[in-house]
Amino acid sequence: MTTLLIRHATLLVTMDAQRREIADGAVFVRDNVIEAVGTTGDLPDTADEVIEARDQIVIPGLVNTHHHMVQTLTRAMVQDNELFGWLKGLYPVWANLTPEMVKVSTQTAMAELLLSGCTTSSDHLYIYPNGVNLEDSIEGASEIGMRFHAARGSMSVGESKGGLPPDAIVEDEAAILKETQRLIARWHNPARFAMQRIVVAPCSPFSVSRELMRDSALLARQHGVSLHTHLAENDFDVAYTREKFGCTPAEYAEQLGWTGPDVWCAHCVKLDAPGIALFARSGTGVAHCPCSNMRLASGIAPIRAMRDAGVSVGLGVDGAASNDAGHMLGEARMAMLLQRVAHGAVNGPAAMSAREILEIATLGGAKVLGRDDIGALTVGMAADIVCVPLDGIATAGALHDPLAALVFCQIPQVKHSIVNGRVIVRDGELTTLSLPRLLARHNALAGQLANAAQSTR
């Protein structure tokens, strides 16, 4: 058994039931589990490894509830379109993905997340050309050391059947279900502190059939795994659902068994009041992706209304071709500011505070992913811990409130990230792989993808 002690934190943010913020804080870890939390003087003073956290704020690892990691290969492409036009521009590019591209882009995306405070991430891979398999992502995650919810996405309704994607990149529905079941049997770990879980994730109302949505829900519940999809992302998305299915997106989800605490939906920018009430009543979660929603001009998701109604909300960076970044602290900052744009923050309570958005990015994400073992620094929780420096120019002048500084200021990257008791980022450097080597290969593969797209035009 190994032990880890993080001590002398300027501030330790627990996110426990009392939301304690501990000055001169410390946390003691045995193997992969938190054993003690308190002031430095109250905890053991020795361990197998000791991290001095002076001039740092220590927080629970952030939780990313929605991503498309392969999109790190196609950043800044299709720059001036809303969702449907953007997808139509990128589908032919993604049709040239290879297994190596998926693995390398997964690791690049995860490196960016880890360096920005995220220790757990989901990923929604829904396109499988040229021998690509979800296991390409799983292998990449295992090597870098991130806690991972791998969502087996799918598209089955191509243009010839009224869907959005080209016919060449959709899959047979029976094959989708069979492969998803195989992945669950092989890779899903339901145990507490699991590093790997599988999610059933048909892509969207405009790329799969009602039958696949219904059958996917049945499959997921048969095996006790979560469900994830895109929903109500913009006005065109809502119009498609109304035209094709004669209902709102929330009604569509309810009809097909896609509500409940084992379901979370990405975006929900256009979720209406009855939909919000349905999600709150049923325990259905939402992945809020503010930067992507702005990039694609989708709108501002009604997160304030959702939270007030009791909807579970987590934070997501979304794909790096619609963000075009994967910086979790930056996403939290943007989420807070955007709610203020929508609802105001003058001479009264703010529409979103720094402490509330940090809660969304930690406990909120954990709840959305169906986990009770991450999101807080308390005894018995997984040792997913992040140390953020406070001695740089980014936070100069804000040290009177280190937690506010964490969100209001623009912090480039974290100092340490511990995942499941293992130091994955130490002194701002990844410990599990060579980042320069990874980025060189990633950029070479991105160039191949861009060249292939050019040659087909």
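Above this text you will find the structure in question.
A. Layout of the overall build of the protein. A count of helical and extended segments in the protein gives 14 helices and 17 strands. Rg of the C-alpha trace for the protein: 21 Å, near the compact-globule value of 23 Å for 457 residues, within the 12% margin. Taken over the C-alpha atoms alone, the protein extends approximately 65 × 50 × 40 Å along its principal axes. A total of 457 residues make up the protein; the buried ones form 60% of that total. Once local pairs closer than 6 in sequence are excluded, the contacts in the protein between residues at least 24 apart make up 74%.

B. Region of interest: the state of the cysteines. Taken as a whole and assessed by the stated rule, the structure comprises zero disulfides. In this model Cys268 remains outside any disulfide bridge; the closest cysteine sulfur is found in Cys265, 5.0 Å from its own. Left without a disulfide partner, Cys387 is nearest to the cysteine sulfur of Cys118, which lies 15 Å away.

C. Structural view of the packing of aromatic side chains. All chains considered together, the criterion is met by seven aromatic pairs. Seen in terms of ring centroids, Phe84 and Phe236 are 6.4 Å apart; in terms of plane orientation they differ by 40°. Their pairing is tilted. With Phe84 in helix α1 (residues 83–94) and Phe236 in helix α6 (residues 235–245), the pair connects residues that are 152 residues apart, well separated along the chain. Residue Phe236 is classed as partly exposed on the basis of its relative accessible area, which comes to 49%. With centroids separated by 6.4 Å and ring planes inclined at 70°, the aromatic side chains of Tyr240 and Phe245 adopt a geometry described as edge-to-face. In textbook terms, an aromatic cluster arises when at least three aromatic residues are bridged by ring pairs, as seen for Phe84, Phe206, Phe236, Tyr240, Phe245 and Tyr252. When the ring centre of Trp187 is taken as origin, the NZ or CZ atom of Arg186, which lies over that ring, is 3.9 Å away.

D. The arrangement of helix α11 (residues 328–343) in detail. Taking 1.5 Å as the rise per residue, α11 with 16 residues should run 22 Å; its terminal C-alpha atoms sit 23 Å apart, in good agreement. Of all the residues in α11, the buried ones are Met328, Leu329, Gly330, Glu331, Ala332, Ala335, Met336, Leu338 and Gln339. Two residues or fewer after α11 comes Gly344, characterised by a positive phi angle close to 90°.

E. Main features of the pattern of salt bridges. In the structure shown here, the tally under the stated rule is 27 salt bridges. Between Glu35 and Arg30 there is a salt bridge, with the nearest N and O atoms lying 2.7 Å from each other. With a relative accessible area of 36%, Glu35 lands in the partly exposed category. Across the pair Arg75 and Glu112 runs a salt bridge whose closest N-O atoms are separated by 2.9 Å. Placement of Arg75 in the loop between β6 (62–64) and α1 and of Glu112 in helix α2 (residues 99–115) is noted, with a sequence separation of 37 residues between them. The exposure class of Arg75 is partly exposed, given its relative accessible area of 29%. Each member of the salt-bridge network shares a partner with another, and the members are Arg19, Arg304, Arg307, Asp308, Glu356 and Glu359.

F. Here's a closer look at α6. Turning to α6, its buried residues are Asp237, Val238, Tyr240 and Thr241. Here the buried residues of α6 occupy an arc of 155° about the axis, which is enough to place them on one side. For α6, the exposed residues set more than 90 degrees away from the buried face come down to Asp235 and Glu243. If you follow the buried residues of α6, they end up packed against α1, β10 (226–231) and α7 (249–255). A side-chain oxygen of the first residue of α6 lies 3.0 Å from the backbone nitrogen of Phe236; this N-cap is Asn234. Gly246 occupies a position one or two residues after α6 and carries a positive phi of about 70°.

G. Inspection of the packing of helix α3 (residues 134–144) against helix α4 (residues 173–187) at higher detail. It is the contact of α3 with α4, at a shortest axis distance of 11 Å, that shows an interaxial angle of 25°. Classed by the angle they form, the pair α3 and α4 counts as roughly parallel. As for how α3 packs across α4, the hand of that crossing is right-handed. Contacts from Leu134, Glu135 and Ile138 in α3 reach Arg182, Leu183, Arg186 and Trp187 in α4. Partitioning the contact of α3 with α4 into residue classes produces four nonpolar, no polar and three charged.

H. Layout of the pairing of strand β7 (residues 118–125). Burial analysis of β7 places eight of its eight residues in the buried class, which makes it a mostly covered element. Note that the unit made of β7, α3 and strand β8 (residues 147–154) has a crossover that is right-handed.

I. View of the environment of Val58. With respect to the helices and strands, Val58 occurs in strand β5 (residues 56–60). The class of Val58 is buried, set by a relative accessible area of 0%. Excluding residues that lie within four positions of it along the chain, Val58 makes contacts with Ile6, Ala9, Leu11, Leu12, Val13, Ala53, Leu377, Ile385, Val386 and Cys387.

J. Up close: the packing of α2 against α3. Axis separation between α2 and α3 bottoms out at 8 Å; the angle between their running directions is 40°. Overall, the two elements α2 and α3 adopt an arrangement that is oblique. Relative to α3, the crossing made by α2 is right-handed. Here Pro99, Val102, Lys103, Thr106, Gln107, Met110, Ala111 and Leu114 of α2 lie close against α3, whose contacting residues are Asp136, Ser137, Glu139, Gly140, Ala141, Glu143 and Ile144. Residue classes in the contact of α2 with α3 are distributed as seven nonpolar, four polar and four charged.

The rules behind the values
- Residues numbered from 1 in each chain as written.
- Predicted model: local features only at pLDDT ≥ 70, side-chain atom pairs only at ≥ 80, totals over all residues.
- Heavy atoms only, no water.
- Helix = DSSP H or I, 4+ residues; strand = E, 2+ residues; numbered from the N terminus.
- Rg over C-alpha atoms; globule rule 2.2 N^0.38 Å.
- Buried < 20%, exposed > 50% of the residue type's maximum accessible area, 1.4 Å probe, protein only.
- Contact = heavy atoms within 4.5 Å.
- Disulfide = S-S within 2.5 Å.
- Phe/Tyr/Trp six-rings, centres within 6.5 Å; stacked < 30°, edge-to-face > 60°.
- Lys NZ or Arg CZ within 6 Å of the ring centre and 35° of its normal.
- Expected span 1.5 Å × (residues − 1).
- Salt bridge = Lys/Arg side-chain N within 4 Å of Asp/Glu carboxyl O.
- Arc of directions from axis to C-beta.
- Polar contact = N/O pair within 3.5 Å; in protein donor to acceptor, adjacent residues only side chain to side chain.
- Axes fitted to C-alpha atoms, helices over the stretch in contact; angles between N-to-C directions.
- Parallel < 35°, antiparallel > 145°, perpendicular 65-115°, else oblique.
- Left-handed = near helix turned anticlockwise from the far one by under 90°.
- Nonpolar A, V, L, I, M, F, W, Y, C, P; charged D, E, K, R; others polar.
- Right-handed = clockwise from strand over helix to strand, strands pointing away.

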